[in-house]
Amino acid sequence: MGEPFDLIIQGGTVVLPERVAKLDIGIRHGKIAEISESLVGTVSEVLDATDKLVMAGLIDMHVHLNEPGFGHWEGFETGSAALAAGGCTFYADMPLNGNPATVSTDALKLKAELASGKSAVDYTFWGGLVPDNLDALKPLAEAGVFAFKAFMSEPGGEGEERLRRADDWTLYQGMKRIAAFGGILALHAESDSITARLAEAAVAEGRMTAADFAASRPIVAETEAVNRALYFARETGCALHFVHISSSQAVDLIDAAKAEGLDVTLETCPHYLVLTETDMGRIGPAAKCAPPLRSGDAQEALWEQLSNGRIDMITSDHSPCPESLKNKTGQTFMEAWGGISGAQNTMELMIGEGHVRKGIPLTELSAMLSSSPATRFGFGDMKGRIALGFDADLVIIDPSNRYVLNREHLYQKHKHNPYLGREMLCRVVRTISRGVTVYSMEEGLKHSGAGQWAPKTTKRRDPL
Ligand SMILES: NC(=O)NC(NC(N)=O)C(=O)[O-]
Ligand SMILES: [Zn+2]
Ligand SMILES: [Zn+2]
């Protein structure tokens, strides 16, 4: 008889990287110790997962938890609680909208101190590329930032030390520097020139509705910015990652660049796949984000790209704010804060709409939700898949539990969200972080604060 297990998850439908099968998973010291059709052995706890899906926990590489400075918008404790309740076991915090933004090692240190002991699950930090911090990039990478992010359009936000837009010079020089130490630069790719001029004209003419907002950030603003960034990547050899891609046209450009041999990846978000421009008008500012939600046809084209394997990963882009910034009396759609507070909904939306409704294989969805982001960003030896020796970071989903989302379900600080009132087609019933249950549907959040800043385990050039 071998060493006892701490936990056996029994009889679940387990989503492995290559196949889905009814299996038992044995967990020991926070790691996946055995996977087999029928596990026997001494064990402290057995969890019955019959008729449930057992998947690698969501790896959400795009969330804004806003500390330091804007903890009243969202913080590590509440933000990570929402993530955990949605099946996420590892996340990457963006360099904005905290104040200071994560653009220096001092700011990183401050952020890390604030996160320590507060997060329900493991995490890591993005650094920012801004006009005046070229010399800080390498020190940031050495201090543990796993990759960098720059905005090609105005990020908005408040505070003197908020993140600033990167002009072309900064992008070009930043990519040279980042390429030199083998880093990755992520881009919010929308043309500032196009979006700023269109927004200015709309405001001047009093065109302030959701449809006007969408028209002020057209797909061409995205494709132009993607093209320009790819051009600099060719010149500099810098690896790129495009965040929240909203259009099939942008996916095509990035796909062509991959075929050409550029080291580039992209993500999209559930909101571009399950909500449209029309929903944005119906729901109001809770559904406002940049790039904006698109037409039904554009959305279908994005699903098509996803089915064809052209979407590398899915992220929430949880970009929270107090409700007052969404629905202040007299405030127009155009003036409301842009950002969707979807931290908790990624897994249920993608499994529900992608698998239950559209029949996309669970192995493919799991790659986009977990293994690809882990691999791309250097965590792929430890996280993101159900395999021997990996962290026991797991989510258990009940595919027959449909429910209507309401405010009481949400763990985030401010309970607004474009999915309230929507029927979810499956439900996260348990989230396990390094072998310990951090959330269960019956008991809610447990063991808050045990999440750790996880180090990279591989170099970034691992192929997806
Ligand atoms: N300042 C932000 O948080 N912006 C975010 N907001 C969105 N996507 O609407 C983002 O990621 O660009
Ligand atoms: Zn963005
Ligand atoms: Zn974002």
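Residues numbered from 1 in each chain as written. Chains lettered and ligands numbered in written order. Predicted model: local features only at pLDDT ≥ 70, side-chain atom pairs only at ≥ 80, totals over all residues.

Peer 1: What exactly am I supposed to notice about the overall build of the protein here?
Peer 2: For the protein, the count of helices and strands is 14 helices and 20 strands. Taking 23 Å as the expected radius of gyration for a compact globule of 464 residues, we find that the protein reaches 21 Å, a close match to that expectation. Its C-alpha atoms give the protein principal-axis dimensions of roughly 70 × 45 × 40 Å. Burial status across the protein gives 56% buried among its 464 residues. Pairs at least 24 apart in sequence give 76% of the contacts found in the protein among residues at least 6 apart. (Helix = DSSP H or I, 4+ residues; strand = E, 2+ residues; numbered from the N terminus. Rg over C-alpha atoms; globule rule 2.2 N^0.38 Å. Buried ≥ 20, exposed ≤ 12 C-beta atoms within 10 Å, placed from the backbone. Contact = placed C-beta atoms within 7 Å.)

Peer 1: So what exactly am I meant to see when it comes to the sheet that holds strand 7 (residues 88–93) here?
Peer 2: What links the strands of a sheet is backbone hydrogen bonding, and the strands pair in either a parallel or an antiparallel sense. The sheet built from three strands is open, its strands ordered 6-7-8 with parallel pairing. In the strand order of this sheet, the two ends are held by strand 6 (58–63) and strand 8 (122–125), each with one partner. Averaged over all neighbouring strand pairs, the angle between strand axes comes to 20 degrees, with direction disregarded. (Pairing = 2+ DSSP bridges. Axes fitted to C-alpha atoms, helices over the stretch in contact; angles between N-to-C directions.)

Peer 1: When you look at the environment of Gln 344 in this model, what are you seeing that I'm missing?
Peer 2: One can find Gln 344 in the loop between helix 12 (324–327) and helix 13 (346–357). With 26 residues separating them in the primary sequence, Gln 344 and His 318 have C-alpha atoms 8.7 Å apart. With residues near it in sequence (within four places) discarded, Gln 344 still touches Ala 82, Leu 83, Ala 85, Gly 86, Leu 410, Tyr 411 and Gln 412.

Peer 1: How do you make sense of the sheet that holds strand 14 (residues 313–314) when you look at a structure like this?
Peer 2: The parallel open sheet is built from six strands, whose spatial order is 9-10-11-12-13-14. Every interior strand has two partners, whereas the edge strands, strand 9 (127–128) and strand 14, have only one. Relative to strand 12 (residues 239–242), strand 11 (residues 184–188) runs parallel, the two sharing four bridges. Directly across from Ile 184, in strand 12, lies its bridge partner Ala 239. Its contacts with the sheet put helix 8 (residues 248–259) on strand 12 and strand 13 (264–268), and the angle it makes with strand 13 is roughly 155 degrees.

Peer 1: What's the story with helix 1 (residues 76–85) in this structure? I'm lost.
Peer 2: Since one α-helical turn is 3.6 residues long, residues separated by three or four positions face the same way. Counting buried positions over the ten residues of helix 1 gives ten, a clear majority of the element. The set of residues buried in helix 1 consists of Phe 76, Glu 77, Thr 78, Gly 79, Ser 80, Ala 81, Ala 82, Leu 83, Ala 84 and Ala 85. Buried residues in helix 1 make contact with strand 6, strand 7, helix 2 (105–115), strand 18 (427–433), strand 19 (436–440) and strand 20 (444–445). Gly 87, located one to two residues past helix 1, shows a positive phi value of around 90 degrees.

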